[in-house]
Amino acid sequence: MKSLFKIVGAASLLCAPQAWSAELYLNTFLGTNPLKDLEVELDGRSFGRTDAQGAVVGQLEKGAHTLRIIEKEKKVTLTEYQFELAEGESADLSLTFTDFEKPPAASIDKYDPGQQGQGAPGVLQGYVLDGDNAPIAGATLRLQPSDITGTTDSNGSFQIEVPRGRYDLAVEKQGYDTARSSGLRIVSGVGLSANITLMAAQAVAADASTAGVEEIVVVGSYKASAKPIDIKRNSVAVTDAISVEELLKAGDSDVAASLKRVVGVSIQGGRFAVVRGLAGRYISTTLNDDLLSSTDPYRRDVELDLFPADILAGIEIQKSFTADMPGDTTGGIIKIGTKGLPDEYINTLSANVGGSTGTTGEKMVSYSGGDRDWFGYDDGTRKLPGSVRAGTNNGLRSNLSVAESAALAAQLSNNYNPYLREAAPDFGLTYALGNSFDRSIGRIGAYGTLAYDRSVESRQDAIRHTIIDPVATEYDRDIFRTAVDGYFVAGIEANAGWKAYSKTTVLRESEDTTAVEAGSDLDDDLAISNALLEFRERQFIGQQFQGSIPLFHDQTVSLRAGLSRTSSEMPDRRSYSYIGNNFVASSFERLYSDLNEDGRDLGLDYLIPLQLTDSVKTTIKFGGLYNDRDRENELIRLGVRYRGGPTNDDPEALLTPENFTNGSFLLVGNSTTTDSYEADQRSTAGYLTTQTDFGPEFTLVAGVRQDNFKTKLRFPNANDTPETSLTSNELLPSVSGIYRYGDDWQFRAGYARTVSRPSITELAPSIFFDDRGRQFVGCTVQTVSGLVSCKPSDIDNYDVRVEYYINRQDSISLALFHKEIDDPLERGYVRGSGSATNAFTFRNSESATVSGIELDGQLSWLFGTDHNLTTGANISYIESEIKLDSEGAQLEGRSTRDLQGQSPVLFNSRVGYEHFPTQQSVTMTVNYFDDRIDVAGRTPVGPIYEMGRVILNLTYEKEFANRSKIGVKLRNLLNDDIRFEQNGQTIERWKIGVNGEVSYTYKF
């Protein structure tokens, strides 16, 4: 059996060439942590880039030398160091930064490379464990060609001082295979940490030639992105961040689940972010710096649950606007970064299985679908036949004859009756493969991942109770969800400093939903029932190209281009109702929706650093952005007209070919001329920002952005409806200052002006349904004076934040913010009567304000070298008020209220524990959001509130010596009701159960 030799440390592990040539070995640190991916120049030429251990090595000649350390992204020089070597001398050089405002502490040790063991020693330390991660006492460590040995103590730990040099290491213990590793380099004054696993010896070796074979597994296969605390500290704007490591430790499988742990952020419907009390249109999202189209074509904001952790490099949430960001960054901008080139060979396979109480193994409502539903694709079963499309004129014709109706109805499937089927366990499979290679031109590499996930979600113990026209029902709403995702990145990072990447993202999800509702009309004492059969396919495909080129005098130009397609198809959405056990023909609908949006993005950023005086430096950044979106939305609605005959049977018995032939029912088109539309959206922007540092204490950031935006909507089926358009041009300034008091305190203040614009769907006078089946109509309406539509909102933003950094891991911050919004756009009720009173639209109000305070902190404790405890918590208090316009005030019966989606109080906490010797970790997270308005109310009743609840999750991870890892996730442990209230009464309530998942990952 092979022994595993797992090495982590602050020095390079694998040996350089065997010949002893004159060389420089450089180590860089921030505190005790190695600094990776710093560019190093020696005498004006590229010397290389620091690796994962903060090290770089290369040959050099005798004489005087100048070493320059450069931060690779912004091309900022961090320090210069001069030294001199005599003939035949080599040197070990360590540079240790405490921050980047002061020169690092330097330690250089010169030596004759032909003689082993000169100079100050280094340290080799770690643990020796068995295959079950139990410590091995009395194991012997031998370093050759020296006679240096060491022995592990009762805890399996060791620490050995070793002179500089290259060594072969053997670890021995009777009853175990010997672990060996050659070419370990010990550097003066630098520690090397090694965790070594010995496998029990085989009684009979299958192949004597394999005895003593070892493998070295380098921990940390990806580029280490900056720690969240570093991003928060070094950003010129009010920014919070989440690392992939934090996301996984919390058990978060996607962006949406993780964002709710950020101070001031909550999630609606498990998908959509609310930042500082502002939702949807007040938030921008980028994917690798390109604006991201929503994968829900009916909303502006992005469905963040579609972005799995497997493709992520990190997430940042910038809460204050800077001129290089999109102009509609009011609540914040969510910056999603995908993985780049791997540092090492990656070949992993992960599988997970799980389920939810009350769902898995239980009977769920469903219906007969297609043969490929399990893969997330309709196989054509639900496709609208061409003859029906033509015969009904895309659903616009309602005057079919009995013969025409019967002929067309015969082409449609007679499939309406739900049935029960057992919910299988949730299941997921992910495969990832990648590698990178150092070549003469630089580093080239590629990484790709494919994922499949199948899950079931059920609303348990669900009830609904309306106040006006009181109806009380119980219902089942079960969703069979399938996700198929893919991601691929390839690129080159040249030694000359230029970089180029290609990133391809494919995200696809289908939801097969069946809802059955039964109850009674309390006024008329009549039984009522409703049914919904819906299959929805959502897809995002994006291709991005990115690159950067270093120019003269440390100037840099960055370029990016992207193509994307967003689509949402809902083929044959069927719904119908019964009253008093009689089929209601007017409620019957078959809806066919197909929406596609093509996007193109171009961006350029140019960076010019200038040293104005010895203590004053400025960085000028300017650039431009162009993006356009072309959307086509087709919506065809079919219904039936009742002409006589029995109605007290199920739909499949009523809507038969015979009943269409005898004229009992007529097929009719129910589409309106504005249901289908075409839209073009164009946006161009240019910006200029400056960041001026007045010594290490004060930074001034100022900028301005010019945004030009235009949307056009056309209605191909409505000859009498003119083209709808929206043009918006804004000049958006921003200014902020950062004052640093000593090494620990940082004070920020800023002002910015932003804009929020209606989305295409909000403008279009067409009907659509949200994920809860509620009907919406766009805000454009025809009046005697022409088309009237909603308009953009202008926002003034004020921010203050105080930050105290206890150490490099721990910090506390306090933030205040205030926003003033002109013409805020929100959901409201449609003016009308009958069933129209239950539909929603979008309406500008007079003004709104949002103010809040955020407190955030994290503390960690390291107990010895074995245990680490991390705690974090944040709380937000937010107030808002919207002043309604006259129509809104009349419909809602009030002049002011809170903004929709805004919770007054948000709270998060996290406690994590790690045991290093056994490679185990456990994390508990708590998330709470306060009551928030789900949708405004129509007089005489008040708004509908989503009631606050607590969500408790627990995760556990364990790594094994055979390169595998097991994880356990428990979500929603409290299983609180998801509850909506109106006028103090519960109008809707359900549970989703406690979800559990076990995952296993193997690294090949």
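- If you look the protein chain up in an unreviewed UniProt entry, it shows as TonB-dependent receptor from Hydrocarboniphaga effusa AP103.
- For the protein chain, the Subcellular location (unreviewed entry) comment in UniProt is given as "Cell outer membrane".

### As for the overall build of the protein chain
Piece 1. Across its full length, the protein chain carries 9 helices and 62 strands.
Piece 2. Each of the 1004 residues in the protein chain was classed as buried or not, and the buried ones make up 54%.
Piece 3. In the protein chain, 69% of the contacts between residues at least 6 apart in sequence involve partners at least 24 apart.
Piece 4. Of the accessible surface of the protein chain, which amounts to about 41100 Å², a share of 54% is contributed by carbon and sulfur atoms.

### Thoughts on the nonpolar core
Piece 1. Grouped together as the largest cluster of nonpolar side chains are 26 residues, with contacts concentrated most on Tyr677, Leu713, Leu763, Ile944, Phe980 and Trp990.
Piece 2. Elements that contribute at least two residues to this core include exactly strand 39 (677–694), strand 40 (698–714), helix 8 (760–763), strand 49 (825–829), strand 50 (840–844), strand 60 (978–982) and strand 61 (985–991).
Piece 3. In this view, isoleucine 944 contacts Tyr829, Arg932, Ile933, Asp934, Val935, Phe980, Glu981, Gln982 and Ile987; residues no more than four positions away in its chain are not counted.
Piece 4. Membership of the second largest hydrophobic core comes to 23 residues, among which are Leu412, Tyr578, Phe583 and Val640.

### Details of a nonpolar patch on the surface
Piece 1. On the surface, Val800, Ile806, Ile812, Leu814, Leu816, Ile853, Leu855, Leu859, Trp861, Phe863, Ile875 and Tyr877 cluster together to form a nonpolar patch covering roughly 990 Å² of accessible area.
Piece 2. Put simply, the parts of the chain that give the nonpolar patch at least two residues each are strand 48 (811–822), strand 51 (847–863) and strand 52 (867–883).
Piece 3. Take the nonpolar patch: its biggest share by element is 5 residues, from strand 51.
Piece 4. Relative to the elements of secondary structure, tyrosine 877 occurs in strand 52.

### Regarding the sheet that holds strand 16 (residues 179–186)
Piece 1. A sheet is described by the order of its strands in space; here 4 strands give the open sequence 13-12-15-16, paired in antiparallel fashion. Two strands bound the open sheet, and with one partner strand each, they are strand 13 (148–151) and strand 16. Across this sheet, the average inter-strand angle for adjacent strands is 25°, counted without regard to direction.
Piece 2. As judged from the 5 bridges shared by strand 12 (residues 140–144) and strand 15 (residues 165–172), these two strands associate in the antiparallel manner. Each bridged residue has a counterpart across the sheet, and for leucine 141 the counterpart in strand 15 is valine 171.

### Quick word on unusual backbone geometry
Piece 1. Cis peptide bonds are those with omega within 30 degrees of zero, and the linkage from glutamine 144 to proline 145 qualifies with 15°.
Piece 2. Within the fold, proline 145 resides in the loop between strand 12 and strand 13.
Piece 3. Positive phi outside glycine occurs at aspartate 43, with the angle close to 55°.
Piece 4. Residue placement: aspartate 43 occurs in the loop between strand 4 (38–42) and strand 5 (45–49).
Piece 5. Residue classification places aspartate 43 among the partly exposed residues on the basis of a relative accessible area of 33%.

### Notes on the pattern of salt bridges
Piece 1. Under the definition given, this model contains 54 salt bridges.
Piece 2. Residue arginine 481 pairs with glutamate 457 through a salt bridge whose shortest N-O separation is 3.3 Å. Of this pair, arginine 481 sits in strand 32 (residues 471–494) while glutamate 457 sits in strand 31 (residues 442–465), placing them 24 residues apart in sequence.
Piece 3. Here arginine 481 falls in the buried class, since its relative accessible area comes to 14%.
Piece 4. Here glutamate 457 falls in the partly exposed class, since its relative accessible area comes to 31%.
Piece 5. Overlapping salt bridges, with partners in common, bring together Glu457, Arg481, Glu509, Glu511 and Arg538 in one network.

### A closer look at helix 5 (residues 402–409)
Piece 1. Among the residues of helix 5, those classed as buried are Ser405, Ala406, Leu408 and Ala409.
Piece 2. Those residues of helix 5 that are buried lie in contact with helix 4 (386–391), helix 7 (657–661) and strand 38 (665–669).

### A few points about a negative patch on the surface
Piece 1. Negative charge collects at one region of the surface, where Asp469, Asp523, Asp524 and Asp525 lie side by side.
Piece 2. Along the chain, aspartate 524 falls in the loop between strand 33 (499–521) and strand 34 (526–550).

### What to know about the pairing of strand 61
Piece 1. Judged from the 3 bridges that link them, strand 31 and strand 61 form a sheet pairing that is antiparallel. Within the sheet, the bridge partner assigned to isoleucine 463 lies in strand 61 and is arginine 989.

### Observations concerning the environment of leucine 654
Piece 1. With respect to the secondary-structure elements, leucine 654 resides in helix 6 (residues 651–654).
Piece 2. Note on leucine 654: relative accessible area 3%, which makes it buried.
Piece 3. Non-local contacts of leucine 654, meaning those with residues more than four positions away in its chain, are made with Tyr578, Phe583, Pro646, Thr647, Asp649, Asn659 and Phe665.

### Overview of the confidence of the model for the protein chain
Close inspection of predicted coordinates is inappropriate for parts of the model with low pLDDT.
Piece 1. The pLDDT averaged across the protein chain works out to 82; a share of 84% of its residues lies at or above 70.
Piece 2. Scored below 50 in pLDDT, residues 1–20 makes 85 contacts in the model with residues more than four places away or belonging to other chains.
Piece 3. In this model residues 203–226 is a low-confidence stretch, pLDDT under 50, and it forms 46 contacts with partners more than four residues away in sequence or in other chains.

### Comments concerning the packing of aromatic side chains
Piece 1. With the rule as written, the count across this model stands at 20 aromatic pairs.
Piece 2. Plain terms: the ring middles of tyrosine 606 and phenylalanine 622 are 5.3 Å apart, the flat faces sit at 15° to each other, and that makes the pair stacked. With a gap of 16 residues between them, tyrosine 606 in strand 36 (residues 582–611) and phenylalanine 622 in strand 37 (residues 616–642) connect regions that are remote in the sequence.
Piece 3. The class of phenylalanine 622 is partly exposed, set by a relative accessible area of 34%.

### Thoughts on the side chain of threonine 1001
Piece 1. Mapped onto the secondary structure, threonine 1001 falls in strand 62 (residues 995–1003).
Piece 2. Here serine 350 takes part through its side chain, which lies 2.9 Å from a polar atom of the side chain of threonine 1001.
Piece 3. Once you skip the residues sitting within four places of it in the chain, threonine 1001 turns out to touch Thr348, Leu349, Ser350, Arg963, Ser964 and Lys965.

### Here's the deal with the sheet that holds strand 4
Piece 1. Reading across from one edge, 5-4-7-8 is the order of the 4 strands in this open sheet, with antiparallel pairing throughout. Unpaired on one side and paired on the other, strand 5 and strand 8 (76–85) mark the two borders of the sheet. Between one strand and the next, the sheet's axes are offset by a mean angle of 25°, whatever the strand orientation.
Piece 2. Strand direction decides the pairing type here: strand 4 and strand 7 (residues 63–71), joined by 5 bridges, are antiparallel. Bridge pairing in strand 7 links glutamate 41 to arginine 68.

### Overview of the environment of leucine 602
Piece 1. Take leucine 602: it is sitting in strand 36.
Piece 2. Counting along the chain gives 26 residues from leucine 602 to aspartate 628, while the straight-line C-alpha distance between them is 9.4 Å.
Piece 3. Leaving out residues up to four positions away in the same chain, leucine 602 has contacts with Arg560, Ala561, Gly624, Leu625 and Tyr626.

### Quick look at the side chain of serine 405
Piece 1. Take serine 405: it is sitting in helix 5.
Piece 2. By relative accessible area, serine 405 is classed as buried at 0%.
Piece 3. Leaving out residues up to four positions away in the same chain, serine 405 has contacts with Leu400, Phe660, Phe665, Leu666 and Leu667.

### Things to note about the environment of aspartate 43
Piece 1. Placed 22 residues apart in sequence, aspartate 43 and histidine 65 show a C-alpha to C-alpha distance of 6.0 Å.
Piece 2. Discounting residues that sit within four places of it in the chain, aspartate 43 has contacts with Ala64, His65 and Thr66.
Piece 3. In terms of polar contacts, aspartate 43 uses its side chain to reach the backbone amide nitrogen of threonine 66, at 2.8 Å.

Rules of the game
Residues numbered from 1 in each chain as written. Predicted model: local features only at pLDDT ≥ 70, side-chain atom pairs only at ≥ 80, totals over all residues. Heavy atoms only, no water. UniProt positions renumbered as here; feature names shortened; annotations may be inferred. Helix = DSSP H or I, 4+ residues; strand = E, 2+ residues; numbered from the N terminus. Buried < 20%, exposed > 50% of the residue type's maximum accessible area, 1.4 Å probe, protein only. Contact = heavy atoms within 4.5 Å. Areas by Shrake-Rupley, 256 points an atom, 1.4 Å probe, with all protein chains shown as cover. Core = buried A, V, L, I, M, F, W, Y, C linked by side-chain atoms within 4.5 Å. Patch = residues over 30% accessible without salt bridge, like charges linked within 9 Å, V, L, I, M, F, W, Y side chains within 5 Å. Salt bridge = Lys/Arg side-chain N within 4 Å of Asp/Glu carboxyl O. Pairing = 2+ DSSP bridges. Axes fitted to C-alpha atoms, helices over the stretch in contact; angles between N-to-C directions. Lys, Arg positive; Asp, Glu negative; His and termini not counted. Charge placed at Lys NZ, Arg CZ, Asp CG, Glu CD. pLDDT = per-residue confidence, 0-100. Phe/Tyr/Trp six-rings, centres within 6.5 Å; stacked < 30°, edge-to-face > 60°. Polar contact = N/O pair within 3.5 Å; in protein donor to acceptor, adjacent residues only side chain to side chain.

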